[in-house]
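These are the residues of each chain, in order.
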Amino acid sequence: MASESFQSLCSWNQKFLKDGPTPKSIDYLAPVVEKDYIKKINMGQIEAELQVGFYRDKCRAESIVKDEVEKAFDRDRGIAPGLLRLHFHDCFVRGCDASILVDSTPMNVGEKDGPPNVNTLRGTEVIDSAKARLEAECKGVVSCADTLAFAARDAVEISNGFGWSVPAGRRDGRVSLASETLDIPAPFLNLDQLTQSFAKKGLTQEEMVTLSGNFYTTPAGAHTIGHAHCTSFSNRLYDFNASSSQDPSLNPLYAEDLKRQCPRGPQGTVDPNLVVDMNFSPAVMDSSYYTDVLHHRGLFTSDQALTTSQATARQVTTYAVNRLLWESEFAKAMVKMSQIEVLTGTDGEIRTNCRVINNYN
């Protein structure tokens, strides 16, 4: 990418010397410089400020968080996908700043109560428990944003999956708005819409395929664990479009099974409390999601959208047959995603209670 940008600049420079400055040439230069140089400088600053082992000499942060995740998982295995989803939904709104953890007040409706999150978030109590222990042992040191990033990694690892080193040093945001949760990719998006949504956060289409399923229920990659509410995909079963009540891209046998689990009531609606397994191994973090998508058993429109281009379909096929490659790519993409628009240094705050911005404690 850098070499392509350099060649582009050289071509622009030759034209500039020949023709002189024009509005078109000036317009061309600005996005090239901003996208490929300023952005790299900013990412370099973030990478320098976030560090693996950030709390090594300050607090037993990672071991405390892991202990709380393990205890919660022993009580309820469904907590693992909940923590993973919580981290994804946090990072896509104002960056990874734990703003999703802030409770609504009479004066403000927070992200928790935004359309993609209301009554569906799981794992906040695990973060509360970990944060209480962290405050008792090392008060005012470990941010809620880092606590959530550690917990998401631990959730994957404990689900018979794999782990990665989490760069830390994030600080907590002081704003949480339900209206901004529209930035979270929706389960009905097509491939172009998904690609654009992830690109807005600095993530490539390849990284979208690796990660996209994480956002809708519980991750394309993390749809490998967890459950989904019937109402998040029931339109594919009963009200797809004017010419077909059922989405023709759904495997017919799979669709019939989903209808049995998500029946319509007398009023023609589906009970919003009904849930189904994401796939055939809902408690295990693996790459079987991609096999399901190839066999037209993707639960959401956005799942099946991954097969609608040659490039993304090839990636899905590769992941379906090569779990180790997917694990490696997923870990790298998670590290990158966890650095979206982070607050560091003196920006933001270290919340005492993850549910409440400090001024209001």
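It should be noted that the structure appears before, not after, this text.
Parameters and conventions
- Residues numbered from 1 in each chain as written.
- Predicted model: local features only at pLDDT ≥ 70, side-chain atom pairs only at ≥ 80, totals over all residues.
- Heavy atoms only, no water.
- Core = buried A, V, L, I, M, F, W, Y, C linked by side-chain atoms within 4.5 Å.
- Buried < 20%, exposed > 50% of the residue type's maximum accessible area, 1.4 Å probe, protein only.
- Helix = DSSP H or I, 4+ residues; strand = E, 2+ residues; numbered from the N terminus.
- Contact = heavy atoms within 4.5 Å.
- Disulfide = S-S within 2.5 Å.
- 1 Å grid on protein atoms, 1.4 Å probe; cavity = no way out; pocket = protein on both sides within 12 Å on 5 of 7 lines; lining within 4 Å.
- Points joined across faces, edges and corners; volume = space filled by probe spheres on them.
- Nonpolar A, V, L, I, M, F, W, Y, C, P; charged D, E, K, R; others polar.

Attention now goes to the nonpolar core. Generally speaking, soluble globular proteins have nonpolar side chains that are buried together. Counting 70 residues, the largest nonpolar core has Leu101, Ile127, Trp164, Leu211, Leu306 and Phe330 as the members making the most contacts within it. In terms of residue count, the dominant contributor to this core is helix H6 (residues 144–158) (nine residues). If we skip the residues at most four places from it in the chain, Leu101 touches Leu86, Lys112, Thr124, Ile127, Cys144, Arg351, Cys354 and Arg355. Membership of the second largest hydrophobic core comes to 14 residues, among which are Cys230, Leu250, Ala255 and Val270.

The next subject is the state of the cysteines. Throughout the structure, instances matching the rule amount to four disulfides. For Cys59, the disulfide goes to Cys138, at an S-S distance of 1.8 Å. Taken as a pair, Cys59 in the loop between strand S1 (51–52) and helix H3 (61–75) and Cys138 in the loop between helix H5 (124–137) and H6 lie far apart in primary sequence, 79 residues in all. In this structure, Cys59 and Cys138 share a single accessibility class: buried. Across the disulfide, Cys91 is cross-linked to Cys96 (sulfur-sulfur distance 2.0 Å).

Now for empty space enclosed by the protein. The volume enclosed by the largest cavity comes to roughly 50 Å³. Among the elements of the structure, H6 and helix H14 (323–337) are those that each provide at least two residues to the lining of the largest cavity. Looking at the lining of the largest cavity, the element that brings in the most residues is H6, giving three residues. In the lining of the largest cavity, the residues fall into seven nonpolar, two polar and one charged.

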